[in-house]
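Here are the chains, one letter per residue:
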Amino acid sequence: MKNNRNFLVYAALMMAVAIWGLSFVVTKIALQEFSVYGLILTRFVSAAVIFLFILILKGFPKFTKTEHGLLILTACFQPVLYFFFETMGLNNTTASKAGLIVAMIPIVVLLLSAIFLREKITARSITGIGLSLFGVGLLIVGDAKFSWPMGGNIVGDLYMFGGVLSAAIYMMLIKQLGKKHAVLHITGMQIIYGTLIFIPFCFNKIENWQFGNVSILAIIAVFYLAVFATIVACFCYNF
């Protein structure tokens, strides 16, 4: 039974990471036709509507006022700050550099877990993170088009580092909520709250564009980001 549980946990993590890994490339495709704020707004409004429909069918969860506050705080870090930093970063740097920077999330999580959750830093954890970073480095350096420097802008890199910190703090917060509530309820409310925060912030900054001028490829990219990178990946990661 325990082995089956472990398999599900690792399978969910691998699926989330694979989906998010591809999302860097897909985001770059979408940004060719959407503005940064237009993409964020379209992506999360779509995801929130889907989650709202699911929760109407399944029944809305019951959270205490304190838990709602924790959910709002969680939503501020993920999706709001993380995806804002990620989208802005990808708009100013290369997908390769973004992937390398995001690979640092486990290191930051390990340090924060040791400080705030009193979790032990084991040799296995350090070895696993080292192998992960080495693997990402091999993929980037092994690219036929790779060159030093990898291009991009320092501002974009700093945005990506902001995303790394936001994701790490989010993981600390979500662990507390996961002790009492189902993953579907946590993920759904997290995305809905995040979207409500995004709407007033993005709406006034969105440039004028006509939906009819957006290509099928860009629409598919937004669909992937809303359904897979936002709903499916977040559900898997929270699980």
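This text gives an overview of the structure that appears in the document. (Residues numbered from 1 in each chain as written. Predicted model: local features only at pLDDT ≥ 70, side-chain atom pairs only at ≥ 80, totals over all residues. Heavy atoms only, no water.)

Examining the packing of helix α2 (residues 36-58) against helix α3 (residues 65-90)
Any two packed helices are characterised by how steeply their axes cross, that is the angle between the axes, and by the distance between the axes. Where α2 meets α3, the axes come as close as 10 Å, and the angle between the chain directions of the two elements is 140 degrees. Looking at the two axes, α2 sits oblique to α3. Note that α2 runs across α3; the crossing there is right-handed. Between α2 and α3, the contacting residues are Val36, Tyr37, Leu39, Ile40, Arg43 and Phe44 on the first element and Pro79, Phe83, Phe84, Glu86, Thr87 and Met88 on the second. In terms of residue class, the contact of α2 with α3 is built from nine nonpolar, one polar and two charged. (Axes fitted to C-alpha atoms, helices over the stretch in contact; angles between N-to-C directions. Helix = DSSP H or I, 4+ residues; strand = E, 2+ residues; numbered from the N terminus. Parallel < 35°, antiparallel > 145°, perpendicular 65-115°, else oblique. Left-handed = near helix turned anticlockwise from the far one by under 90°. Contact = heavy atoms within 4.5 Å. Nonpolar A, V, L, I, M, F, W, Y, C, P; charged D, E, K, R; others polar.)

Focus: the packing of aromatic side chains
As enumerated under the stated definition, the model contains 12 aromatic pairs in all. Pairing Phe84 with Phe85 gives two aromatic rings, centres 5.8 Å apart and planes at 55 degrees, and the pair type is tilted. No difference in accessibility class separates Phe84 from Phe85, as the two residues are buried. A network of ring pairs unites the aromatic residues Tyr37, Phe84, Phe85, Tyr159 and Phe201 as a single cluster. (Phe/Tyr/Trp six-rings, centres within 6.5 Å; stacked < 30°, edge-to-face > 60°. Buried < 20%, exposed > 50% of the residue type's maximum accessible area, 1.4 Å probe, protein only.)

Observations concerning helix α5 (residues 105-116)
Taking 1.5 Å per residue as the helical rise, α5 with its 12 residues ought to reach 16 Å, and the 16 Å between its terminal C-alpha atoms agrees with that figure. Of the positions making up α5, those classed as buried are Ile105, Val108, Val109, Leu110, Leu112 and Ser113. Just beyond α5, the residue with positive phi is Arg118, at close to 60 degrees. (Expected span 1.5 Å × (residues − 1).)

Remarks on the packing of helix α4 (residues 95-102) against helix α7 (residues 154-177)
Taken N-terminus to C-terminus, the directions of α4 and α7 make an angle of 35 degrees; their axes are 9 Å apart at the nearest point. In this structure, α4 meets α7 at a crossing whose hand is right-handed. Across the interface between the two elements, Lys97, Ala98, Ile101 and Val102 from α4 touch Asp157, Met160, Phe161 and Val164 from α7. Class assignment of the residues belonging to the contact of α4 with α7 gives a composition of six nonpolar, no polar and two charged.

Functional significance is not addressed by these values, which are geometric in nature.
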